Amino acid sequence: MLKAYLLVAAAVFAIGLFGVLTRRNAVGILLGIELMFNAVNINLLAFARFGGGVAGWILALFTIAITVAEIAVGLAIVIVIFRVRRTVEADHLTLLRG
Amino acid sequence: MTLTALAALVVVLPFVAAVILGACPPLRRAGRPAAVVALAGSGLSLILAVRLVAELWGMVRTTLALGAGPPREVLLTIAWLPQAGPEPLASVGVLVDPLSTAMAALVALVAFLVQLYSLGYMAEQRPGSLGRYYLYHSLFVFSMLGLVFAPNFVQMFVFWELVGLCSYLLIGFYYQRPAAAAAAVKAFWVTKLGDVGFLIGIVLLWGATGLFAFPALARAVTALNPGFLALCMFLVYLGAVGKSAQFPLHVWLPDAMEGPTPVSALIHAATMVAAGVYLVERAYPLFLAAPAVLALMAWVGAFTALLAASLALVQTDIKRVLAYSTVSQLGYMMAALGGGAPLAGFFHLLTHGFFKALLFLAAGAVIHAVATNDMFRMGRLARGMPKTTAAFVIGAVALAGLPPFSGFFSKESVLAGVWEGGLYVPFVMLTLTVFLTAFYMFRVVFLTFGGPRQAEGDPHDPPAVMLGPMWVLTAGALAGGVLVAEWGGPSLAQFVAENVDATLPHGPWWLTPISVVLAVAGIVGAWLVYQREAVSAATLRREFGPLARAAERGYGLDAAYGALYRRVLLGTAGVIGWIDRYLVDGVVNLASAWTLRAGARLRTMQTGRAQDYLYGVAVGFLLLALLWGAW
């Protein structure tokens, strides 16, 4: 049964990664990241359920809390970028260009 | 007080004066008080040096009379660079023997007299300049005395360079004059050329024996390969060639006359230029084991004497005549050393120190009075300055070598030493030089103090502070000959050699008549040409046409050195510069250019889009995962 959970988690992770890589809107990218986090959470809970003990649950709680904080910071950054640049299109944010 | 402590004090006192003047700018800028400090240093040093000579003379007298004397401590050394083992790598100290004390007494005496004389000569200098002058003077006296008492090659070399530095500073004393600055640099570089050889020679000797000290080296020298030793001693001799202005490195000394005249008297006549001779005296046991170098020394010395005397004939600057004369007399000393008569060479060094310093001081009085160096703008100065004239003539007669003046005795013994050494061609050159010496010196005398012209202005004798030192040196030039005799004790030769049988060379019976006749002939010749004008100087010059013109250009030596410098040295420098600029730098530039181009290519990968980087991360992870799976 563990395999099924892991496959679901892998599928969610892959969908999230696809979103992060292909979405042009910064908010969409954040959503993709959120999906990837949740895939990790599914994994943690699955391992906990099938013999990992209580550590997996606690770690999942931590992840959720940190994710919330991270999204708060991430969205705040996106809003600031929008105010300054009048866009949140990832293709236009190329200040790191060498 | 022990002998060594006394000698150490002799060396240190001028140094204390130099430190006081150097560390206390208000005192230095005050001028006259600075002179008092310097005079106190060298005066006390002189008193102690005289006492040292007296004590040592008494000891040697006892030793010679009884065959054994009181034990005396001659060596004081302090470890300077310690190393494992009983002996330090290098040490400083004093070596007290008759040679060093006699030399030190000469140095201290001439230094004190010249400093006294400078009070009058340099009176018009600004106080600041005067203080600087006396600071350099004190430093020089310290350095020279340190050199004289040096017990090993290392200390000698250090002080050797220090006197070179002081010489540079004092030649360039009027540094606002471009000629003086250039002359200072020239003196520094030309002597440095010889010093490089000196240093290499010292290090080679040390490499073979592990020793620097003169007494130890003299004992160890027999164990060395003669060819190797000859090479070492040749290199050491090169140092003496530079310092004592031997051909072909004599070109710096005439230019050094740009310095103040008292400096020329002290450094470039009596003491520093004799350091080369003193070095050979000090290391004579080593040179004795290298006869080829001694022979070379005699030939070069005799050739230098003749060459410089011929150059002195055509100078118009009174100081340059004296400078070439100094070169010529140093040639005599070197020839005596090379001919195997170190005592004669040293005797000539002492007497020359007196009469040449006297000549320079008298010339300084003349220059002071008429404000020019050009002899053809002087004339009939004997009327206005009889005392200076008397002093100068006595110096000139001593230099020409007429009895009973000091120069006669020392020049005779030099000639005899070269003859007895079997060096007949150098002997002929030196004998010919006797005639030239008398001629050029009395050319100066008649042009300056006699002759048909009358110098402009109202020249008169200098003040007592300048005349006093001249009288003391006059006494030395007059009476220096007594050193050859035994006056209630050892003669100079017996004293220096510490051997009752030691005498100065006498030579064959015909030597004295020939040299006196030649000297008189030179004086009469100069009288005919420049006083009576029976023979016109212009006619004489025409007769010797090409030779005279060549001599006026210094035989083209300066031009040759200039060409050597421009063509060879600058040419080589150009080639090496090209190699450095285009080959060595080229490799570096190529590497950096390639790095830059690689960077330009690679920067296109940095798009700045976060998602592209994330692609990279994902692909990289996948690749790693695949690799892991495959493995």
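Residues numbered from 1 in each chain as written. Chains lettered and ligands numbered in written order. Predicted model: local features only at pLDDT ≥ 70, side-chain atom pairs only at ≥ 80, totals over all residues.

1. Focus: the overall build of chain B
- Across its full length, chain B carries 27 helices and two strands.
- When its C-alpha atoms are laid out on the principal axes, chain B stretches across 115 × 65 × 55 Å.
- Within chain B, contacts between residues separated by at least 24 positions form 80% of all contacts whose residues are at least 6 apart in sequence. (Helix = DSSP H or I, 4+ residues; strand = E, 2+ residues; numbered from the N terminus. Contact = placed C-beta atoms within 7 Å.)

2. What to know about the overall build of chain A
- Scanning chain A for helices and strands turns up three helices and zero strands.
- Across chain A, helices and strands are ordered from the amino to the carboxyl terminus as α-α-α.
- Taking 13 Å as the expected radius of gyration for a compact globule of 98 residues, we find that chain A reaches 16 Å, considerably beyond that expectation.
- Principal axes of the C-alpha set define a box for chain A whose edges measure 50 × 25 × 20 Å.
- Within chain A, the proportion of its 98 residues that are buried is 8%. (Rg over C-alpha atoms; globule rule 2.2 N^0.38 Å. Buried ≥ 20, exposed ≤ 12 C-beta atoms within 10 Å, placed from the backbone.)

3. Some words on the interface of chain A and chain B
- Across the contact, 10 residues belong to chain A and 10 residues belong to chain B.
- Counted by class, the side of chain A that touches chain B contains six nonpolar, two polar and two charged residues. (Nonpolar A, V, L, I, M, F, W, Y, C, P; charged D, E, K, R; others polar.)

4. Examining the confidence of the model for chain B
- With 99% of its residues at a pLDDT of 70 or more, chain B has an overall mean of 87.
- Listed scores for the predicted complex are pTM 0.78 and ipTM 0.81. (pLDDT = per-residue confidence, 0-100.)

5. Digging into unusual backbone geometry
Residues and elements named next belong to chain B.
- With an omega of 5°, the peptide bond between F247 and P248 qualifies as cis.
- For P248, the location among the structural elements is in the loop between helix 9 (226–243) and helix 10 (252–255).
- Residue P404 follows P403 across a cis peptide bond; omega there is 5°.
- Tracing the backbone shows P404 in the loop between helix 18 (386–400) and helix 19 (406–420).
- Positive phi, close to 55°, is recorded for A245, a residue that is not glycine.
- Structurally, A245 can be placed in the loop between helix 9 and helix 10.
- A245 sits in the buried class, given 31 other C-beta atoms within 10 Å.
- The backbone phi angle of A371 is positive, close to 60°, even though this residue is not glycine.
- Among the secondary structure elements, A371 is positioned in the loop between helix 16 (342–370) and helix 17 (381–384).

6. With respect to the nonpolar core
Residue and element names in this part refer to chain B.
- Counting 221 residues, the largest nonpolar core has A108, L145, A357 and L358 as its most contacted members.
- The element that contributes the greatest number of residues to this core is helix 16, accounting for 19 residues.
- In this structure, A108 is in contact with V10, S42, S45, L46, A49 and L145, ignoring residues within four places of it in sequence. (Core = buried A, V, L, I, M, F, W, Y, C linked by C-beta atoms within 7 Å.)

7. Comments concerning the packing of helix 20 (residues 424–449) of chain B against helix 23 (residues 511–531) of chain B
Residues and elements named next belong to chain B.
- Following both chains from N to C, one finds helix 20 and helix 23 inclined at 35°, their axes separated by 7 Å at the closest point. As helix 20 packs across helix 23, the resulting crossing turns out to be right-handed. Contacts between helix 20 and helix 23 pair T431, V434, F435, L436, T437, A438, F439, F442, R443, F446 and L447 from the former with I514, S515, L518, A519, A521, G522, I523, G525, A526, W527, Y530 and Q531 from the latter.
- Looking at the contact of helix 20 with helix 23, its residues break down into 16 nonpolar, six polar and one charged. (Axes fitted to C-alpha atoms, helices over the stretch in contact; angles between N-to-C directions. Left-handed = near helix turned anticlockwise from the far one by under 90°.)

8. A few points about the pairing of strand 2 (residues 90–95) of chain B
All names here are of chain B.
- In terms of burial, strand 2 is largely enclosed, as five of its six residues are buried.
- Note: strand 1 (residues 75–81) against strand 2, six bridges, orientation antiparallel. The residue of strand 2 that forms the bridge with L81 is A90. (Pairing = 2+ DSSP bridges.)

9. Quick notes on the confidence of the model for chain A
- On average, residues of chain A carry a pLDDT of 89, and 99% of them reach 70 or more.
- The least confident element of chain A is helix 2 (residues 26–52) of chain A, whose mean pLDDT is 90; the most confident is helix 1 (residues 2–22) of chain A, at 92.

10. A look at the environment of B:F198
All names here are of chain B.
- Within the secondary structure, F198 sits in helix 7 (residues 178–209).
- You can call F198 buried: it has 27 C-beta atoms within 10 Å.
- Spatially, the C-alpha atoms of F198 and H352 are 25 Å apart, while their sequence positions differ by 154 residues.
- Other than its neighbours up to four places away in sequence, F198 contacts F157, L235, V236, L238 and G239.

11. Some thoughts on the packing of helix 1 of chain A against helix 27 (residues 610–630) of chain B
- The N-to-C vectors of helix 1 of chain A and helix 27 of chain B enclose an angle of 145°; their axes lie 8 Å apart at closest approach. On helix 27 of chain B, the residues touching A:L17, A:V20 and A:L21 of helix 1 of chain A are B:Q611, B:L614, B:Y615 and B:A618.
- For the contact of helix 1 of chain A with helix 27 of chain B, the class distribution of residues is six nonpolar, one polar and no charged.

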